[in-house]
Amino acid sequence: MKTLQARLHAIEQLATGIQRFEFRPTDETAWPAVCAGAHVDLHLAPRLSRSYSLVNAPGESHRYVVAVQRNATGQGGSRYLHDTLRVGDELQISAPRNAFPLEESAAQSILIAGGIGITPLWSMAQRLAQLGRPWTLHYATRTPASAAFAEQFVALAANSLGKVILYFDGGVSDQGLDLQAIAQDSPANAHLYCCGPARMLQAFEAATAQLPPERVHREYFAAPPAPAQDAASANQAFSVRLSKSGRLIPVHNDTSILEALLDAGVDVPYSCMSGICGMCTTGVLGGVPDHRDHVLSDAEKACGQQIILCCSRAKSPELLLEL
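Within any chain, residue numbers begin from 1 and follow the written order of that chain's sequence. For this predicted model, a pLDDT threshold of at least 70 governs which residues receive local features, and a threshold of 80 or more governs which side-chain atom pairs are given and counted, while totals over whole chains, interfaces and linings are taken from all residues. The side-chain figures draw on all heavy atoms in the structure; neither hydrogens nor water molecules are used.

### Notes on helix α2 (residues 118-131)
Point 1. Each helix is a run of DSSP H or I of at least 4 residues and each strand a run of E of at least 2, with the numbering of both proceeding from the N terminus. Expected span of a helix: the number of residues minus one, times 1.5 Å. Compared with an ideal rise of 1.5 Å per residue, which puts 14 residues at 20 Å, α2 spans 20 Å between its outermost C-alpha atoms and is within 8% of the ideal.
Point 2. Extensive coverage of α2 is indicated by the burial of 10 of its 14 residues.
Point 3. With its phi angle positive at about 75°, glycine 132 sits one or two positions after the end of α2. When a residue's accessible area, from a 1.4 Å probe over protein chains only, is under 20% of the maximum for its type it is buried; when over 50% it is exposed; and in between it is partly exposed.

### Some words on helix α5 (residues 198-207)
Point 1. Listed as buried for α5 are Ala198, Met200, Leu201, Phe204 and Ala207.
Point 2. Where α5 is buried, its residues touch β7 (108-114), β8 (135-141), α4 (179-185), β10 (190-196) and β11 (216-220). Contacts are assigned to residue pairs that have any heavy atoms within 4.5 Å of one another.

### Considerations on the sheet that holds strand β2 (residues 18-25)
Point 1. At least two bridges found by DSSP between two strands are what make those strands a pair. Read across the open sheet, the 6 strands follow the order β4-β3-β6-β1-β2-β5; overall the sheet is antiparallel. The two strands at the open ends of the sheet, each matched to only one other strand, are β4 (48-53) and β5 (64-69). The mean angle between the axes of side-by-side strands here comes to 40°, regardless of whether they run parallel or antiparallel.
Point 2. In terms of strand pairing, β2 meets β5 through 6 bridges, oriented antiparallel. Counterpart to phenylalanine 21 in the pairing with β5 is valine 66. Only C-alpha atoms enter the line fits that serve as axes; for helices the fit covers just the stretch in contact. Angles between N-to-C directions range over 0 to 180 degrees.

### Quick word on the side chain of histidine 39
Point 1. Mapping histidine 39 onto the fold places it in strand β3 (residues 39-45).
Point 2. The buried category is assigned to histidine 39, whose relative accessible area is 4%.
Point 3. Apart from the residues lying within four places of it in its own chain, the contact partners of histidine 39 are Ser51, Tyr52, Ser53, Leu54, Ala95, Pro96, Arg97, Ala99, Glu219 and Cys277.

### A few points about the nonpolar core
Point 1. For our purposes a nonpolar core is just a set of buried Ala, Val, Leu, Ile, Met, Phe, Trp, Tyr and Cys residues, chained together by side-chain atoms within 4.5 Å. With 30 residues, the main nonpolar core has Trp135 and Phe149 as its most contacted residues.
Point 2. Of all elements in the fold, only β1 (4-15), β5, β7, α2, β8, α3 (150-158) and β10 reach the threshold of two or more residues within this core.
Point 3. The leading source of residues in this core is α2, at 6 residues.
Point 4. If we skip the residues at most four places from it in the chain, phenylalanine 149 touches Leu14, Val55, Ala67, Ile118, Thr119 and Trp122.
Point 5. By size, the runner-up hydrophobic cluster in this structure holds 24 residues, among which are Val240, Leu242, Leu262 and Cys310.

### Description of the pairing of strand β12 (residues 238-242)
Consecutive side chains along a regular strand alternate between the two faces of the sheet.
Point 1. Taking burial as the measure, the 5 residues of β12 include 4 buried ones, the bulk of the element.
Point 2. The sheet contact formed by β12 and strand β13 (residues 248-251) spans 4 bridges and is antiparallel. From the neighbouring strand, arginine 241 faces β13, where its bridge partner is leucine 248.
Point 3. Here β12 pairs with strand β18 (residues 318-321) via 4 bridges, running parallel. Counterpart to arginine 241 in the pairing with β18 is leucine 320.

### Remarks on the environment of valine 284
Point 1. Among the structural elements, valine 284 can be located in strand β14 (residues 281-286).
Point 2. As for valine 284 and leucine 321, which are separated by 37 residues in sequence, their C-alpha atoms are 4.7 Å apart.
Point 3. If near-sequence neighbours (up to four positions away) are discounted, valine 284 is found in contact with Pro289, Gly304, Gln305, Gln306, Ile307, Leu319, Leu320 and Leu321.

### Focus: unusual backbone geometry
Point 1. In this structure, phenylalanine 149 takes a positive phi of about 70° despite not being glycine.
Point 2. Take phenylalanine 149: it is sitting in the loop between β8 and α3.

### Overview of the pattern of salt bridges
In a structure, side chains of opposite charge can pair up when their charged atoms sit close to one another.
Point 1. The term salt bridge refers to a pairing of a side-chain nitrogen on Lys or Arg with a carboxyl oxygen on Asp or Glu at a separation within 4 Å. If you walk through the whole model with that rule in mind, you get 12 salt bridges.
Point 2. The partner of glutamate 22 in a salt bridge is arginine 24, with the nearest N and O atoms 2.6 Å apart.
Point 3. One network of salt bridges, in which partners are shared, links Glu12, Arg20, Glu22, Arg24, Glu60 and Arg63.

### Brief notes about the environment of glycine 283
Point 1. With respect to the helices and strands, the residue glycine 283 is situated in strand β14.
Point 2. Separated by 27 residues in the primary sequence, glycine 283 and cysteine 310 place their C-alpha atoms 14 Å from one another.
Point 3. Ignoring any residue separated from it by four or fewer positions in sequence, one finds glycine 283 in contact with Gln305, Gln306, Leu320, Leu321 and Glu322.

### Thoughts on the packing of α2 against α3
Point 1. At their nearest, the axes of α2 and α3 sit 11 Å apart, and the two run at 15° to each other. Judged by the inter-axis angle, α2 sits roughly parallel to α3. Classified by chirality, the crossing of α3 by α2 is left-handed. The segment α2 lies against α3, with Ile118, Leu121, Trp122, Ala125, Gln126 and Ala129 engaging Gln152, Phe153 and Leu156. Our angle categories are set so that under 35 degrees counts as roughly parallel, over 145 as roughly antiparallel, 65 to 115 as roughly perpendicular, and the remainder as oblique. Two helices that cross are described as forming a left-handed crossing if the nearer one is turned anticlockwise from the farther one by less than a right angle, and a right-handed crossing if clockwise.

In structure tokens, the structure reads:
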């Protein structure tokens, strides 16, 4: 996959445990323009590539900016950014990709964020202000000190058709925002966007289940816990066949398709390793996928023509992949 050569230009502390990282080209080349809701993949180290939402003003092409919360128990991406990367360091990044696009023609946009899930919504709010569209933000964090971009949202709302409602719950979930009430009170022509912890996303999906699916948008920044499996539903081994070479690669019960491909020397793009970014989406030409991701829509899963390699498996003994 084509990547861009970038240099870390600046680091800024935004909130407790959250830093802003600004990357610029190593030469005078203009990058693809930023669009609301998009993310980039930062290639930090061998087998350490992570996706982060862009917080730039949409339309910018001279820099890419992300905001990252340090997660001491995560898979290492945020720790590498906070603890290892320094201004002047160079790395490769992807061009922007967008699995969480903004519907710019919506008469009303309702933005809902929990914690660091605010990042894609900041870019969306900036775009809505550019367009002169009305928007409302519901933003929940534990404390004011942990609310990244809160002041910027308030200032943007004062100079646009925006409204900001902040919730500081101190870690007590029933003192936070009421997703059911927000969904029920939303105008009939409103589009709703949510990004936050897995529990918030699951509550959001339940609260909006009766709304037209085209008006409901969500993006996970961390995969929800996998349901416990009994012995009958434990992972079964299967094989994947590569359509371009005919090569057959076994996938053991304790190995993902992505891991099996990488171990076999097959070069495939990937990032989150947990089924939330869509970077490793691959076409399926034969066999029946067992979808376990949080990227594909229900219709796309039912169609069975794509699979997320890092987490999904097979219901059939073999899958034929478009690789």
